[in-house]
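Here are the chains, one letter per residue:
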Amino acid sequence: MSEARTTPAPSAASTCGKVPAGGIVELSESRAKIDAIDREIVRLFEERMRVSHDVACYKRATGKPVLDPVREAQKIAAATSLADDDFKQFIPPLFGLIMEMSRTYQHHSIDGPTSLSDFVAHISKGATLPESPKVACQGVAGAYSHIASKTLFSQAKIEFVSTWPEVCDLVEQEEVEFGVLPLENSTAGTVDRVYDLLSTRGLYIVKAVTLRIDHNLLAKPGCLLKDVREVFSHEQALRQCDEFISSLSSEVHATVCKNTALAAQAVAASERFDVAAISSKECAEIYGLDVLRESVQDERNNFTRFVCVSNRPFVSSDADRSSFLLVLPHEPGSLYRVLSRIAALGVNMVKLESRPIPGREFEFMFYVDVESVPGDAAFDQLAMQIPPLCDRCCYLGSYAEISR
Ligand SMILES: O=C(O)C(=O)C[C@]1(C(=O)O)C=C[C@@H](O)C=C1
């Protein structure tokens, strides 16, 4: 009994939470101690990194890979066993980070700057986009991509094509200077196919615009709301207006069109007076239709973000955001390592989204946007530090974001 009640001798760590035997220590005194310890940590860290550089030279000469997972596991186990019980839990992440920095340093000394940091160093910065470029967009006059193109460039010469890959073809073949594509919608989410196109075609985002998408019910002059029996629109727009369509007569049925502008065009061309389109107000003007009802989408705040893409990176003087597509090793901590670098550099991350990698079960790629651009010291560090942590690091451009 008495043995069971015996309190074990306190370890240095177990005083945590209790007032030290000598009473509360002055903050300035503790901080002075911490400062002295930190000086030692920095000195030892530098010493360790210099030895790591020697290892890099050895590995370069012998062709050995930088990463040695067995050695790392042994190191973490050995270091953890040295620590007091209260601190053991902190050792694996601490040494994981130390060795990861050691690897980054080794890669840097063996491979030189990453191809990304080399690449971004050569991007021309501070340029302004032309005011009246040739721009490709999907759809017909009045489509939301068209409105986005006109918002991005007030005097754009627009070339309409039927599909997003065709937009990319024209940009790649330099038939146009820019293409405009929808990248994400506040209700429907990210458009993965557009991300795929950007990364596989080697296109770069050079500007972005977020548009409020206001759907309207348009019909031929003289047609009344009570007469409407068929509503034409793009399937996403129909879905976004589901409640409104249900609120019309039960006889009304929805017909899917390739896009909202074509729906307006079809209503204008029809002989019938019982058809209507869900489309933009711009289309009412273009196709001579009346607005029977404004803002018919179920969700008041419906936004779509469009990107303007080019076949070369172009960082304008007002650019403040950069986008990446990252494929990370399928192992614990791989995302954490990337995020910790971004955080350590004081960079604000404004988008992080995962998406399954097609054909690879439960493996994900990540869309990452940061508020940092080439030329910022932090961005140049990111360009150096992030690629070695990834299976694939695809830089999608740096740009200014405008909203209307
Ligand atoms: O021991 C090595 O091989 C090293 O390169 C050093 C080190 C480390 O920093 O401790 C770095 C990378 C390896 O993955 C393992 C360990």
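Residues numbered from 1 in each chain as written. Predicted model: local features only at pLDDT ≥ 70, side-chain atom pairs only at ≥ 80, totals over all residues. Heavy atoms only, no water.

An unreviewed UniProt entry lists the protein chain under the name Bifunctional chorismate mutase/prephenate dehydratase, from Slackia piriformis YIT 12062. Here is the UniProt Function (unreviewed entry) comment for the protein chain, exactly as written: "Catalyzes the Claisen rearrangement of chorismate to prephenate and the decarboxylation/dehydration of prephenate to phenylpyruvate." (UniProt positions renumbered as here; feature names shortened; annotations may be inferred.)

A. Here's a closer look at the overall build of the protein chain. Secondary structure summary: the protein chain contains 15 helices and 17 strands in total. A globule of 404 residues ought to have a C-alpha radius of gyration of about 22 Å, yet the protein chain, at 29 Å, is considerably larger. Residues classed as buried in the protein chain amount to 43% of the 404 residues present. Restricting the contact set of the protein chain to residue pairs at least 6 apart, pairs at least 24 apart contribute 76%. With an accessible surface of roughly 21600 Å², the protein chain has 54% of that area assigned to carbon and sulfur atoms. (Helix = DSSP H or I, 4+ residues; strand = E, 2+ residues; numbered from the N terminus. Rg over C-alpha atoms; globule rule 2.2 N^0.38 Å. Buried < 20%, exposed > 50% of the residue type's maximum accessible area, 1.4 Å probe, protein only. Contact = heavy atoms within 4.5 Å. Areas by Shrake-Rupley, 256 points an atom, 1.4 Å probe, with all protein chains shown as cover.)

B. Quick peek at unusual backbone geometry. The phi angle at Glu174 is positive, at roughly 60 degrees, despite the residue not being glycine. Examined against the element boundaries, Glu174 turns out to sit in the loop between helix H8 (164–172) and strand S4 (178–185). Of note in the backbone geometry, Ser295 takes a positive phi value of approximately 40 degrees without being a glycine. When you line up the elements, Ser295 lands in the loop between strand S11 (290–293) and strand S12 (303–310). On the accessibility criterion, Ser295 (21% relative accessible area) is partly exposed.

C. Geometry of the packing of helix H3 (residues 69–82) against helix H5 (residues 91–111). As a packed pair, H3 and H5 sit with axes 9 Å apart at the nearest point and diverge in direction by 140 degrees. One way to sum up the angle between H3 and H5 is to call them oblique. In the crossing of H3 with H5, the sense of the turn from one axis to the other is right-handed. Across the interface between the two elements, Glu72, Lys75, Ile76, Ala79 and Thr80 of H3 pack against Ile91, Pro92, Phe95, Gly96, Met99 and Arg103 of H5. For the contact of H3 with H5, the per-class residue count stands at six nonpolar, two polar and three charged. (Axes fitted to C-alpha atoms, helices over the stretch in contact; angles between N-to-C directions. Parallel < 35°, antiparallel > 145°, perpendicular 65-115°, else oblique. Left-handed = near helix turned anticlockwise from the far one by under 90°. Nonpolar A, V, L, I, M, F, W, Y, C, P; charged D, E, K, R; others polar.)

D. Structural view of the packing of aromatic side chains. In total, this model carries eight aromatic pairs according to the counting rule given. A centroid spacing of 5.9 Å and a plane angle of 25 degrees characterise the contact between Phe119 and Tyr204, whose relative ring orientation is stacked. Placement of the pair is Phe119 in helix H6 (residues 115–121) and Tyr204 in strand S6 (residues 204–212), with a sequence separation of 85 residues. Owing to a relative accessible area of 14%, Tyr204 belongs among the buried residues under this scheme. Between Phe324 and Phe379, the ring centres sit 6.0 Å apart and the planes meet at 25 degrees, which makes this aromatic pair stacked. (Phe/Tyr/Trp six-rings, centres within 6.5 Å; stacked < 30°, edge-to-face > 60°.)

E. Just the site of the ligand, in detail. In the neighbourhood of the ligand, 13 residues make up the surrounding shell, with Arg48, Lys59, Asp68, Glu72 and Ser102 lying closest. In this structure, Lys59 approaches the ligand through a side-chain N or O atom, which is 2.7 Å from an oxygen atom. Taking Asp68, its main chain carries an N or O atom lying 2.8 Å from an oxygen atom of the ligand. In isolation the ligand exposes 360 Å². Once the protein is present, 89% of that is buried. Among the elements of the structure, helix H2 (27–62), H3 and H5 are those that each provide at least two residues to the shell around the ligand. Looking at which element gives the most residues to the shell around the ligand, the answer is H5, with four residues. By residue class, the composition of the shell around the ligand is four nonpolar, two polar and seven charged. (Near = heavy atom within 4 Å. Polar contact = N/O pair within 3.5 Å; in protein donor to acceptor, adjacent residues only side chain to side chain.)

F. How the structure looks around the domain arrangement of the protein chain. Under the domain assignment, the protein chain is made up of domain 1 (23–112), domain 2 (119–130 + 138–147 + 170–211 + 309–403) and domain 3 (216–293). The distance between the C-alpha centroids of domain 2 and domain 3 comes to 35 Å. Of the residues lining the interface, eleven residues belong to domain 2; the matching set on domain 3 comes to twelve residues. Taken over both partners, the interface formed by domain 2 and domain 3 buries close to 780 Å², and the fraction arising from carbon and sulfur atoms is 60%. When residues of domain 2 are sorted by the area they lose upon contact with domain 3, Val140, Gly142 and Tyr144 head the list and together hold 46% of the total. Linking domain 2 with domain 3 are zero salt bridges. At the surface where domain 2 touches domain 3, the tally comes to two residue pairs in polar contact (both at pLDDT 80 or more). Its residues assigned to classes, the side of domain 2 that touches domain 3 comprises six nonpolar, five polar and no charged. (Domains from an automatic or database assignment. Buried area = accessible area lost by both parts, 1.4 Å probe. Salt bridge = Lys/Arg side-chain N within 4 Å of Asp/Glu carboxyl O.)

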